[in-house]
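Coordinate analysis (summary)
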Amino acid sequence: MALVTETKKACSVNPLKMSAPLGASFAFMGLESCMPLMHGSQGCTSFGLVLLVRHFKEAIPLQTTAMNEATTIMGGYDNLAKALLNIRQRAKPRVIGLCTTGLTETKGDDVDGYIRLARQQHPELADTAVVHASTPDYVGGFQEGWAAAVTAIVSTLPREHEPRREGVVALLPGCHLSPADIEELREAIEAFGLQPLVVPDISGSLDGHIPETWLGTTIGGTPLADIEALGGAVHALAVGEQMRPAAEALQARCGVPFTLFDRLTGLGATDALVRRLAEISGREVPAKLRRQRSQLVDAMLDCHFHTGNAKIALAAEPDLLWAAGSFLAEMGAELVACVTTGKSPLLVRLPTSEVLIGDLEDFERSAQAAGAELLMTHAHGRQAAERLGLPLYRIGIPMFDRVGNAHIRQVGYRGTRDFVCAVANTLIEQIGHHGPDDWPLPAASAAAVERVVPAVAHVPAQIPRRDKAAPSPIHFPERT
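In what follows, the accompanying structure is described. (Residues numbered from 1 in each chain as written. Predicted model: local features only at pLDDT ≥ 70, side-chain atom pairs only at ≥ 80, totals over all residues. Heavy atoms only, no water.)

This paragraph deals with helix α15 (residues 360-370). Every buried residue of α15 is listed here: Leu360, Glu361, Asp362, Phe363, Glu364 and Ala367. Taken together, the buried residues of α15 touch β10 (311-315), β11 (334-340), β12 (354-357), β13 (374-377) and α16 (382-388). Put simply, Asp359 is the residue that caps the front of α15, since its side-chain oxygen is 3.1 Å from the backbone nitrogen of Glu361. Residue Gly371 follows α15 closely and has a positive phi angle near 70°. (Buried < 20%, exposed > 50% of the residue type's maximum accessible area, 1.4 Å probe, protein only. Helix = DSSP H or I, 4+ residues; strand = E, 2+ residues; numbered from the N terminus. Contact = heavy atoms within 4.5 Å. Polar contact = N/O pair within 3.5 Å; in protein donor to acceptor, adjacent residues only side chain to side chain.)

This is how it looks when you write it as structure tokens:
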């Protein structure tokens, strides 16, 4: 059992945590024809926009109500109403995902009341769904913002008395899953003949495809019609402890039972998912999944020679920390330093002595004191890795100094296989290899070589050929 402590520093140095409004906006980007909207100043939106653009290398739709000093004091209704009207007129989204920031939350804006008043005064907004998630910057982080947005989506948009549709399964992924992770889970669900409804589905909007036409809203993601029919699912699969409130909200609203998987990285974790899908569908496990499982077992066998007893320092959001850290411990690694962004009931179960809620400065100091051999965190940990002279395995968001981030997968049999092989290869790169200079010649041997071999060898431009008629300079003894 790990001891969970929180740093008491006056300020954060090289922050690990990202804001809750950014996490909520990220969740809204998984809805088709959606425009995320931050109710706050322009700076809050621009910084988050730049971070996501650098990570995904894609155009990111994100708008702001552009609050200033006067509107903050007098109230933000006018700015919010104008933003809703402008977005509806210009971008024509089906859904507007509205998330608050620390500025408007501190002021105490009645955002739900503002939305009702805007709809009364502007009937043209009736054809646009508006989902509000309360996400002040000073409460929680990226993971909590995502969870708040998904909970708001399933609490407002699904129809309450939707008839059950046989074979339809709801999938509620956490923010620690990449587009490739969601695609991997979709394939696993479809392998059992089930139809997944993914909310939110960033694998359709942020998977790095080139659209045929340009749209000002999200391109791809979960259609509004699928969200409204979410209550017809026979079962819901929630991935990550952060998704528990959303799964409970969907159950309370539509009566959909759910199964929560705290992680899907690892052999046992993926086996649990496959067993649940077999129970829901009533089918045998497909041959291709059995093959993938066998490949993972073989990869674990190959990699455990390198991950065993490896001292790893890990810094990530709670659910990602739990998923990666638990599996690495199963592979024999030692988690010598664990730093995260906020509280979670999973942290005390992590196989390490202490989990620190802090920043990347705490991470660097803890890793150095514990003698870590490998650092694992997002791209902002590269300075710490350079100072400590240690390799950095990038994990989570943001990874702005790498490409193909949308296609990295770490869940399921194949994702776990890719993950463990990548970690093992990073550790293999640090193994020292001997060269000729590691075994210098004795002084006597070196002197003998210098006497025999001239310092400079001259080769004539033309090499004369031996006369075939002349006797050979090499004499072979006669055979007796």
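Back to the text.
Spatially, the four strands line up as an open sheet ordered β3-β2-β4-β5, and their pairing is parallel. Of all strands in the sheet, those with a lone pairing partner are β3 (63-64) and β5 (129-133), marking the two edges. Pairing between strand β2 (residues 34-39) and β3: two bridges, direction parallel. Residue Met38 lies in a different strand from β3, and its bridge partner there is Thr64. Across the sheet, helix α4 (residues 77-90) touches β2, β3, β4 (95-100) and β5, and the angle it forms with β2 is around 165°. Contacting β2, β4 and β5, helix α6 (residues 111-121) crosses the sheet at an angle of about 165° to β5. (Pairing = 2+ DSSP bridges. Axes fitted to C-alpha atoms, helices over the stretch in contact; angles between N-to-C directions.)

Quick look at the state of the cysteines now. Using the criterion set out here, one finds zero disulfides in the structure. Left unpaired, Cys99 is separated from the closest cysteine sulfur, that of Cys34, by 9.7 Å. With a relative accessible area of 0%, Cys99 lands in the buried category. Lacking any disulfide linkage, Cys421 is separated from the closest cysteine sulfur, that of Cys303, by 4.0 Å. (Disulfide = S-S within 2.5 Å.)

The next subject is the environment of Cys34. As for its placement among the helices and strands, Cys34 is situated in strand β2. The exposure class of Cys34 is buried, given its relative accessible area of 0%. For the pair Cys34 and Ala249, spaced 215 residues apart in sequence, the C-alpha separation works out to 22 Å. Contact partners of Cys34, with chain neighbours within four places excluded, come to Phe28, Pro93, Val95, Gly97, Thr217 and Thr218.

What follows concerns helix α12 (residues 267-281). Each turn of an α-helix holds 3.6 residues, which means side chains three or four residues apart point in the same direction. Compared with the 21 Å implied by 1.5 Å per residue over 15 residues, the 21 Å span of α12 between its first and last C-alpha is a close match. Every buried residue of α12 is listed here: Leu267, Ala269, Thr270, Asp271, Leu273, Val274, Leu277 and Ala278. In the core, the buried residues of α12 are packed alongside α8 (179-190), β8 (235-239), β9 (258-261), α13 (287-307) and α17 (412-428). Phi turns positive, to about 75°, at Gly282, one or two residues after α12. (Expected span 1.5 Å × (residues − 1).)

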